[in-house]
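What follows is the residue order along each chain.
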Amino acid sequence: MSGLSKIAIGSLLLLATPAMVTAQTISNKSLASNLMQRLDVNKDGVISLKEAVRHTALLRNFGLIDGNEDGKLTVRELATSQLTPGQRSAKNTASNKKET
């Protein structure tokens, strides 16, 4: 592959990355909202440790996802954590796209 081709491909990847990050952010928020709807039994807008017991994968990483360590998970904490079950980071998504 010529140097010019590598530059062109690199430029396209740089242009595509912000769109992929935005799409991934929307996907992460959607996943977080879905988890909140399913697990927030008392509808107080957070998932407590007691509520998280119903979801083993979430419970396993509860303390790591709980960024402010208040014992409750918010939609924002769920959406921004790469440890939230089902969550894929934008970095991983971009690297997977490059390989295909």
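This one's a predicted model, so the numbers in the text were calculated from it and none came from an experiment.

**Q** Help me understand the side chain of Asp66 in this model?
**A** The topology assignment puts Asp66 in the loop between helix H4 (62-65) and strand E2 (72-73). Buried charge without a salt bridge: Asp66, with Lys72 as the nearest opposite-charge side chain at an N-O distance of 9.3 Å. A polar atom in the side chain of Asp66 sits 2.7 Å from the backbone nitrogen of Gly71. In contact with Asp66, other than residues within four places in its own chain, are Gly71, Lys72, Leu73 and Glu77.

**Q** Before we go on, may I ask you to explain the nonpolar core in this structure?
**A** As a rule of thumb, nonpolar side chains are buried together in soluble globular proteins. Counting residues in each nonpolar core, the largest one holds twelve residues, listed as Ala32, Leu35, Met36, Leu39, Ile47, Ala52, Leu58, Phe62, Ile65, Leu73, Leu78 and Ala79. Elements supplying a minimum of two residues to this core: helix H1 (3-39), H4 and helix H5 (75-80). For this core, the element with the highest residue contribution is H1, accounting for four residues. If we skip the residues at most four places from it in the chain, Ala52 touches Ile47, Leu58, Leu59 and Phe62.

**Q** For this particular structure, what's the right way to read unusual backbone geometry?
**A** Leaving glycine aside, a negative phi is the common case for residues, and trans is the common case for peptide bonds. The backbone of Lys43 shows a phi angle near 55°, a positive value even though the residue is not glycine. Inspection of the secondary structure assignment puts Lys43 in the loop between H1 and strand E1 (47-48). A relative accessible area of 57% means that Lys43 is categorised as exposed. Backbone geometry places Glu69, a non-glycine residue, at a positive phi of 55°.

The rules behind the values
Residues numbered from 1 in each chain as written. Predicted model: local features only at pLDDT ≥ 70, side-chain atom pairs only at ≥ 80, totals over all residues. Heavy atoms only, no water. Helix = DSSP H or I, 4+ residues; strand = E, 2+ residues; numbered from the N terminus. Buried < 20%, exposed > 50% of the residue type's maximum accessible area, 1.4 Å probe, protein only. Lys, Arg positive; Asp, Glu negative; His and termini not counted. Salt bridge = Lys/Arg side-chain N within 4 Å of Asp/Glu carboxyl O. Polar contact = N/O pair within 3.5 Å; in protein donor to acceptor, adjacent residues only side chain to side chain. Contact = heavy atoms within 4.5 Å. Core = buried A, V, L, I, M, F, W, Y, C linked by side-chain atoms within 4.5 Å.

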